[in-house]
Protein chains: 2
Amino acid sequence: MKKLLFLFLFTSLFGFAQNSDENQLKEIYKSALTNSKCYTWLDDLSNKIGSRLSGSVGAQKAVEYTKTQMEALGGFDKVYLQEVMVPKWVRGEKETAYILDNKTKIKVPVCALGGSVATSKKGVTAEVIEVHSLKELETLGIDKIKGKIVFFNRPMDNAQIESMNAYGGAGDQRWSGAREASKFGAVATIVRSLNFRLDDFPHTGSQSYGDIPKMQYIPTAAISTNGAELLSKKLKQNSKLTFYLKQSCQQMEEVLSYNVIGEIKGTEHPENIIVVGGHLDSWDLADGSHDDGAGCVQSMEVANIFKNIGYKPKNTIRVVMFMNEENGGRGGKKYQELAQINKENHIFALESDSGGFSPRGFSFESDDTNFAKISNWKTLFEPYLIHSFTKGHGGSDIEPLTSTKIVKAGLHPDSQRYFDYHHAANDTFDAINKRELELGAATMTSLIYLIDKYGIE
Amino acid sequence: MKKLLFLFLFTSLFGFAQNSDENQLKEIYKSALTNSKCYTWLDDLSNKIGSRLSGSVGAQKAVEYTKTQMEALGGFDKVYLQEVMVPKWVRGEKETAYILDNKTKIKVPVCALGGSVATSKKGVTAEVIEVHSLKELETLGIDKIKGKIVFFNRPMDNAQIESMNAYGGAGDQRWSGAREASKFGAVATIVRSLNFRLDDFPHTGSQSYGDIPKMQYIPTAAISTNGAELLSKKLKQNSKLTFYLKQSCQQMEEVLSYNVIGEIKGTEHPENIIVVGGHLDSWDLADGSHDDGAGCVQSMEVANIFKNIGYKPKNTIRVVMFMNEENGGRGGKKYQELAQINKENHIFALESDSGGFSPRGFSFESDDTNFAKISNWKTLFEPYLIHSFTKGHGGSDIEPLTSTKIVKAGLHPDSQRYFDYHHAANDTFDAINKRELELGAATMTSLIYLIDKYGIE
């Protein structure tokens, strides 16, 4: 009796039954490492379908592919699509850029930023003014900027331990650079790629003109880090050099696209919904294997692992492939909109959208009580080298999701290599390590298993 | 007074002064990420010098290069060489191998294992018998094996979380396969490469004929994992197929080589020595950027960081580039031999020889008291995502080192990708991420700083 009481106290104190959970996690990781489908799925997404920018043929094929694969898997009670209108932006012809320094003409690698307008057909040529922050624009003022190309060249801060923090610290140049430079009469902006490495890949990504009038939109492009270093060096030698940029990108009419959802109905609380997902769209320059093919196939793998180990969730599990994270976030918003209309009760949402690298832990959007409860599970994860349970951002697609009481989380993979590939032409399947991808899927499955079993407070 | 007493108790209880150490680690990591030399050193070692098998021109150049660089660094009180005789094995002409299946002849990627004898000039052709363990050889016995090529095809166990454990679990086939197969009359052995991935790289590595007579030595080679899969499949279809292997490797006379040592004399206890090192030799198929160029330049970086942050160690620090870890371990043995002769007192030794990937922690060869003391420092490392402090192997080169009281440790980087490159032609500089390399160096420096400051018990 005393033993039972002790066991009860112990279990309720720590919020889990150590032994059976230890065994369950063992099964989960073993299944992921020896019997997974995620690597093959990603091979297909990356190498048979390729890039998947919203509104593209690739995006549509990816919708069909993941729906078909989830149906074929057999573990879902239903697989369905959610209609969502998405913006469609096309790059057009490959961009061209030159540094024109006296009589020399040096080609540099650039790519239009997502949402940018084109240059004229002849391109734009102008003197260049190098700045390192949005604030510096103001200091320089219209006299120094008008008629010029503004070159934003603040590098990602190497001193940051987490690469995401360095990305956050440099990202305003890409997101708001064109909008702000336009206000001072700039004719275009060139932004240093958000990449720690010195290499020749320009990295695209979203930018926003905000609420400035359309006629004030100016073309904006990313330049590779090597290109940025070169341009900066040349400017020091000759501040009067000019820069030529030509791009023919275009914002088209919105098109119909879809979130893809696979649902496993809960055996005890089907009304409680747990979401696990990634985003199916990717930038157009590459396969998007890390961003975010990895997160999609890892989310699908959660269902595969549950099937393989014979685990029947108590709550409803939804595997969601969100559409349009990269340049609009429409899929996440639509999912929330429909959840509200249908009065659904979401208790937990997990997103994987930080690359398919070795998992290190999770970041949680949670109240203190649930964070403490979940943190007590850390010992269960230690054998798998999962140690980092922190409070922080869950994910862009699950950000709009609200519910009476919901905890959100983001998978936290090792972040050091992520920006070597992020939004660039080398975000391809060969940059993925099978075991790292699988370990990420196992880590996600383990958390979902524990949330499903013990619920949230 | 009470406050001081409390502070004293607190400090001695936990073995460190939290705040000043926190700041010192901040400086260390910042220096590594913003002001390091290790990546450039590795670029030189890998791309200017290249492979560095013991006794090769590359190995000699690497001795000269690292000595010169440590002298140029300026942080050392002396830089010197330790003479050590090393075995010299040469691969000779590139190996050739075919599966001969009826009238088809399929070329497969192989490489001689280190220390193997050559085939005859014509090569060896024989039927193949596939086995999965040394024990299986015994079961099959001389009748089934005599005159054949034994094909060891037990894969690394994918279910292992740490890839090193999977390596350990499959390594006996490579190390002892030829010796054991020879006892049953085999004419050669082919060993599945120690690599999780299915690819076309054969992975070399040491093997030993043990004490069998020289005339019983048989040629032994590694086959790529794709090659092994194909051979196994073909054998299932035709157990009478034959295999052709030609290799012309050779064991030469021993030659003189060196450990390279940079020494910073301790300000308070110069008689106490702390070693940090890696091994300068590498296999001959590639640059050896991960194995173990990374460990060498990270060890040199420890001195660079101390110099940059102005830290003067209390104990003597020796940065040691060990020679001949891969096929003899002579450098480590020689270092210990001379330490004994000179009656040196080593208190700590740290080796980095598991690749230049994101650091996760350390494994310690330590008594319980010191392990507990060191484990109390874990919180200092958590901001850098260093969580794993376990008991385990330090490193091959520091293994022979004994002293009155010594703690040994090995840097524990993320291990998932290591065997994609280990001992194969793709262990090259492009597989190194600068920040991961630097974070490893910072993690090593931080531990050495703490050991230097607080000593061992």
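Right above here is the structure, for reference.
Computed from a prediction, not measured in an experiment: that's the story for all the values here.

Turning our attention to the relation of the copies chain B and chain A. Laying chain B over chain A is done by rotating through 180° and shifting 0.0 Å along the axis; what remains is an RMSD of 0.0 Å. Viewed as a symmetry operation, the transformation between the two copies matches a two-fold axis. Distance from the rotation axis, computed per C-alpha, reaches its smallest value in chain B at His 387 of chain B: 3.3 Å. With an isologous cut-off of 70% or more, the 100% of interface residues of chain B that recur at the interface of chain A puts this contact in the isologous class.

Another aspect to go through is helix α7 (residues 172-183) of chain A. Residues and elements named next belong to chain A. Between its terminal C-alpha atoms α7 stretches 16 Å, which fits the 16 Å expected from twelve residues at 1.5 Å a residue. In terms of burial, α7 is largely enclosed, as nine of its twelve residues are buried. Within α7, the full set of buried residues consists of Gln 173, Arg 174, Ser 176, Gly 177, Ala 178, Arg 179, Glu 180, Ala 181 and Ser 182. In this structure, the buried side of α7 is in contact with α5 (134-145), β6 (149-152), α6 (163-170), β7 (188-192) and β8 (220-223). Among the residues trailing α7, Gly 185 stands out with phi positive, at a value near 85°.

Before going further, it helps to examine the side chain of Gln 298 of chain A. Residues and elements named next belong to chain A. One can find Gln 298 in helix α9 (residues 289-309). Judged by its relative accessible area of 0%, Gln 298 falls in the buried class. Each residue touching Gln 298, except ones within four places of it in the same chain, is listed here: Ser 352, Gly 356, Leu 411, Glu 436, Leu 437, Gly 440, Ala 441 and Met 444.

What follows is about unusual backbone geometry. Across residues other than glycine, the phi torsion is negative in most instances, and most of the peptide bonds are trans. Residues and elements named next belong to chain A. In the segment running from Asp 291 into Asp 292, the intervening peptide bond is cis, with an omega of 0°. Its location among the elements puts Asp 292 in helix α9. In the Ramachandran plot, Asn 324 falls in the positive-phi region, its phi being about 75° despite a non-glycine side chain. Mapping Asn 324 onto the fold places it in the loop between β12 (315-322) and α10 (330-341). Phi at Leu 385 is positive, roughly 60°, even though this residue is not glycine. Looking at where Leu 385 falls in the secondary structure, it is placed in the loop between α12 (378-381) and β15 (388-391). Its relative accessible area of 11% is what places Leu 385 among the buried residues.

About the cut-offs
- Residues numbered from 1 in each chain as written.
- Chains lettered and ligands numbered in written order.
- Predicted model: local features only at pLDDT ≥ 70, side-chain atom pairs only at ≥ 80, totals over all residues.
- Heavy atoms only, no water.
- Least-squares fit on C-alpha atoms with pLDDT ≥ 70 in both.
- Contact = heavy atoms within 4.5 Å.
- Helix = DSSP H or I, 4+ residues; strand = E, 2+ residues; numbered from the N terminus.
- Expected span 1.5 Å × (residues − 1).
- Buried < 20%, exposed > 50% of the residue type's maximum accessible area, 1.4 Å probe, protein only.

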